[in-house]
Amino acid sequence: MGERLNGRVAVITGGTSGIGAATAELFAAEGAKVVIAGRSRDKGTALADQLGENVVYEHQDVTVEADVRHVIDSTAERFGRLDVLFNNAGGPTAGNVADITAENIDYGVKLLFTSVALGMRYAVPQMLASGGGAIINNSSVAALRHLQGNILYSAVKAAVTHYSRLAGVELGPRGIRVNVISPGAIATPIFWGGSARANTLPDEENARKMAKLQGNLAKANPLKKSGLAWDIATAALFLASDEGRFVNCHDLVVDGGRTSMFNEYPAVP
Ligand code: NAD
């Protein structure tokens, strides 16, 4: 147990699984009051119960503006303040250049970008009333490189990264730091879940898939080990805590060096 978030109140979207769940656990262990926002009521309430009295679950579909607003406002009402927002919810999108549809685009933008922009929009007044805050948006190395998700996912995550950098310029003078994390190949259910509906597989099935995935991902970076949800949670903790007090408008890439080793084409002779 640490004290790096003592007295802070944090909202974590997509908090019932993977990176969000690991971050909820770490933030709570560091003294924060945490709202786990997500679509899986059973998983969310079970996790909140397990993490103790300072953690609660709120239902939220991030593609629904009223849900985004409700989670922010109800958090401030319940705990009297809002210090940290981790916009983490997300999932894969569909469509290649030659066959993409307007529905693919609308869904991808709504899920990955609009949710982030609106989360920030509703968090700002609550953070200002709390004397400042830290916003962390979960982007991806897909924002930086080809072949890390489909092209729509990459493009929309790039929008998340750029929006976050610029938002820190607007909000920094008002005491709100905005940063983005770009994870690369982290072993979570995103690799078999899909985002259209919540992951409802039994625990044993998730555990079996996780073990196999970690073996495969260990081959995908120079460290030769799999990235874990915990690796992103610790990055989020740094950005959320006072240790990150001078870090703003930053894209923190956490990928074990993966983005430095891509070699799709042979070296130029
Ligand atoms: P995950 O599938 O374990 O978690 C994603 C969470 O987002 C789930 O709880 C899911 O239910 C939730 N979610 C999806 N659509 C939602 C919606 N409409 N409303 C509310 N919640 C919704 O996967 P993860 O790897 O923990 O993903 C977290 C974030 O990290 C995502 O934004 C993802 O794009 C990003 N990311 C992951 C990786 C990786 O390798 N795992 C790499 C780069 C970026």
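Here, every reference points to the structure presented above.
Scoring rules and cut-offs
- Residues numbered from 1 in each chain as written.
- Predicted model: local features only at pLDDT ≥ 70, side-chain atom pairs only at ≥ 80, totals over all residues.
- Heavy atoms only, no water.
- Axes fitted to C-alpha atoms, helices over the stretch in contact; angles between N-to-C directions.
- Helix = DSSP H or I, 4+ residues; strand = E, 2+ residues; numbered from the N terminus.
- Parallel < 35°, antiparallel > 145°, perpendicular 65-115°, else oblique.
- Left-handed = near helix turned anticlockwise from the far one by under 90°.
- Contact = heavy atoms within 4.5 Å.
- Near = heavy atom within 4 Å.
- Polar contact = N/O pair within 3.5 Å; in protein donor to acceptor, adjacent residues only side chain to side chain.
- Areas by Shrake-Rupley, 256 points an atom, 1.4 Å probe, with all protein chains shown as cover.
- Nonpolar A, V, L, I, M, F, W, Y, C, P; charged D, E, K, R; others polar.

Student: If you had to explain the packing of helix α4 (residues 102-129) against helix α5 (residues 151-171) to someone new, which residues and values would you point to?
Tutor: Here α4 crosses α5 at 15 degrees, and the two axes come no closer than 9 Å. Taken together, the axis directions place α4 and α5 in an arrangement best described as roughly parallel. Crossing geometry of α4 relative to α5 is assigned as right-handed. When α4 is examined against α5, the residues N104, I105, G108, V109, L112, F113, V116, A117, M120 and V124 are found in contact with a partner set consisting of L152, Y153, V156, K157, A159, V160, Y163, A167 and L171.

Student: Outline the site of the ligand, listing residues and values.
Tutor: S17, I19, Y153, I186 and T188 are the nearest of the 27 residues found near the ligand. One of the backbone N or O atoms of G18 is found 3.4 Å from an oxygen atom in the ligand. A distance of 2.7 Å separates an oxygen atom of the ligand from a polar atom in the backbone of I186. Against a free-state accessible area of 820 Å², the protein chains account for coverage of 95% of the ligand. Secondary structure elements with two or more residues in the shell around the ligand: α1 (18-29), α5 and α6 (190-193). For the shell around the ligand, the residue count by class is eleven nonpolar, 13 polar and three charged.

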